[in-house]
Amino acid sequence: MYRIKEAFTTLQGEGLQAGRVAVFCRFSKCNLWTGREKDRATAVCQFCDTDFVGTDGPNGGVFETPEELVDHIASLWPGSGSIEESPMVVCTGGEPLLQLDGALLEAFHQRHFFVAVETNGTLDAPDGIDWLCVSPKAGTGIRIRRCDELKLVYPQQGQDPADYDDIEARARLLSPMSSPDAGAERDLVRDASTREAIRYCMAHPRWRLSVQMHKMVGIE
Ligand SMILES: C[S@@+](CC[C@H](N)C(=O)[O-])C[C@H]1O[C@@H](n2cnc3c(N)ncnc32)[C@H](O)[C@@H]1O
Ligand SMILES: Nc1nc2[nH]cc(C(=O)O)c2c(=O)[nH]1
Ligand code: SF4
Ligand SMILES: [Mg+2]
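Residues numbered from 1 in each chain as written. Chains lettered and ligands numbered in written order. Predicted model: local features only at pLDDT ≥ 70, side-chain atom pairs only at ≥ 80, totals over all residues.

Caption draft 1: Broad picture of the overall build of the protein. Check the secondary structure of the protein and you find four helices and nine strands. Listed by position from the N terminus, the elements making up the protein come as β-β-β-α-β-α-β-β-β-β-α-β-α. Its C-alpha atoms give the protein a radius of gyration of 17 Å, within 12% of the compact-globule value 17 Å for 220 residues. With the C-alpha coordinates of the protein rotated into their principal frame, the extents come out at 45 × 40 × 35 Å. A total of 220 residues make up the protein; the buried ones form 35% of that total. Taking the contacts inside the protein whose residues are at least 6 apart along the sequence as the reference set, 54% of them involve residues at least 24 apart. (Helix = DSSP H or I, 4+ residues; strand = E, 2+ residues; numbered from the N terminus. Rg over C-alpha atoms; globule rule 2.2 N^0.38 Å. Buried ≥ 20, exposed ≤ 12 C-beta atoms within 10 Å, placed from the backbone. Contact = placed C-beta atoms within 7 Å.)

Next up, the structure:
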């Protein structure tokens, strides 16, 4: 059984796949925060910009089998879904690795999906993910030692990008932290974080900047 908060089609806004059309499959629940505002101050991860509680969002729900969920996601893909088109699904959340298993991956692949995953890296990932993005949170133990992109939200108190030097990745990205709330304050926080991230990249050119493009162009 898979519990999905919401699903929607947009452009991947972050990381090396930014700009690519994808169906986002947002899994319910996270192991680093309950998702309730009253618990934010005591959560392990306190800056989350996402509502992942329950299954009541647009195109959300409870899916009994992998095929049922994949049919639902495929129905949101705007093209034909042919192998040439390489339809993409981004499994995110919440923490998708609490639920994503080999059977679901296999079902996505049967339907020609390129499967990307956004994870906090604290849980083991099943084999066969096509694009694995690990975004470590300060103070957590990272189990995933190898990924496609390491995408640090920056700056985080108590975290130094060098803490992750031993994780193997095709690219190392700093993604400026924005405030969880929408509006003017979010932009101010984001602008300050962006300046800091740029400064860090310039001094440590192993790292590159990744901006949350979707927030800038006003898409989901
Ligand atoms: C909501 S998380 C869900 C996936 C997974 N739990 C994780 O943390 O990677 C999706 C992405 O948004 C990033 N993110 C969350 N809150 C953010 C914020 N306030 N500013 C910038 N990025 C943020 C996360 O680091 C992650 O890369
Ligand atoms: N456009 C867009 N790109 C994204 N990349 C990662 C996201 C996420 O919430 O995991 C996200 C998101 O929420 N929207
Ligand atoms: S950013 Fe990821 S790890 Fe942090 S609370 Fe949100 S969903 Fe969980
Ligand atoms: Mg998001």
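Caption draft 2: Representation of the pairing of strand β2 (residues 21-27) in the model. The buried fraction of β2 amounts to six of the seven residues, a majority that puts the element mostly inside the structure. Inspection of the sheet shows strand β1 (residues 2-11) paired to β2 by seven bridges, in the antiparallel sense. Across the sheet, Ile 4 pairs through a bridge with Phe 27, a residue of β2. Looking at chain direction, β2 and strand β4 (residues 88-92) are connected through four bridges and run parallel. Looking across to β4, one finds that Arg 26 is bridged to Thr 92. (Pairing = 2+ DSSP bridges.)

Caption draft 3: Expanded view of the site of ligand 1. In the vicinity of ligand 1, 19 residues are found, and the nearest of them are Asp 49, Thr 50, Glu 118, Asn 120 and Ser 135. Elements represented by at least two residues in the shell around ligand 1 include exactly β5 (114-119) and β7 (146-154). Taken together, the residues that form the shell around ligand 1 break down as six nonpolar, nine polar and four charged. (Near = placed C-beta within 6 Å. Nonpolar A, V, L, I, M, F, W, Y, C, P; charged D, E, K, R; others polar.)

Caption draft 4: Fine view of the site of ligand 2. In the vicinity of ligand 2, the residues found are Thr 10, Leu 11, Gln 12, Gly 13, Glu 14, Thr 50, Thr 92, Glu 118, His 214, Ile 219 and Glu 220. Taken together, the residues of the shell around ligand 2 sort by class into two nonpolar, six polar and three charged.

Caption draft 5: Region of the structure containing unusual backbone geometry. Residues Gly 93 and Gly 94 are joined by a peptide bond in cis, for which omega reads 20°. Along the chain, Gly 94 turns up in the loop between β4 and α2 (102-110). Cis rather than trans, the peptide bond between Tyr 154 and Pro 155 has omega equal to -5°. With respect to the secondary-structure elements, Pro 155 resides in the loop between β7 and β8 (168-176). In this structure, Ser 86 takes a positive phi of about 50° despite not being glycine. The residue Ser 86 is located in the loop between α1 (66-74) and β4 in this model. Classification of Ser 86 by C-beta neighbours within 10 Å gives partly exposed; the count is 14. Positive phi, normally seen in glycine, also occurs at His 112, with a value near 70°. Mapped onto the elements, His 112 comes out in the loop between α2 and β5.

Caption draft 6: Region of interest: the pairing of β7. In terms of burial, β7 is largely enclosed, as eight of its nine residues are buried. Summarising the sheet, strand β6 (residues 131-134) and β7 pair through two bridges and their orientation is parallel. Pairing of Val 134 across the sheet is with Leu 150, part of β7. As judged from the eight bridges shared by β7 and β8, these two strands associate in the parallel manner. Within the sheet, the bridge partner assigned to Leu 152 lies in β8 and is Leu 174.

Caption draft 7: View of the UniProt feature "binding site: substrate" (unreviewed entry) in the protein. UniProt annotation of "binding site: substrate" (unreviewed entry) refers to Leu 11, Gln 12, Gly 13, Arg 26 and Thr 92 when read in the numbering used here. Topologically, Leu 11 is positioned in strand β1. The partly exposed category is assigned to Leu 11, around which 15 C-beta atoms lie within 10 Å. On the secondary structure map, Thr 92 appears in strand β4. Once you skip the residues sitting within four places of it in the chain, Thr 92 turns out to touch Phe 24, Arg 26 and Glu 118. (UniProt positions renumbered as here; feature names shortened; annotations may be inferred.)

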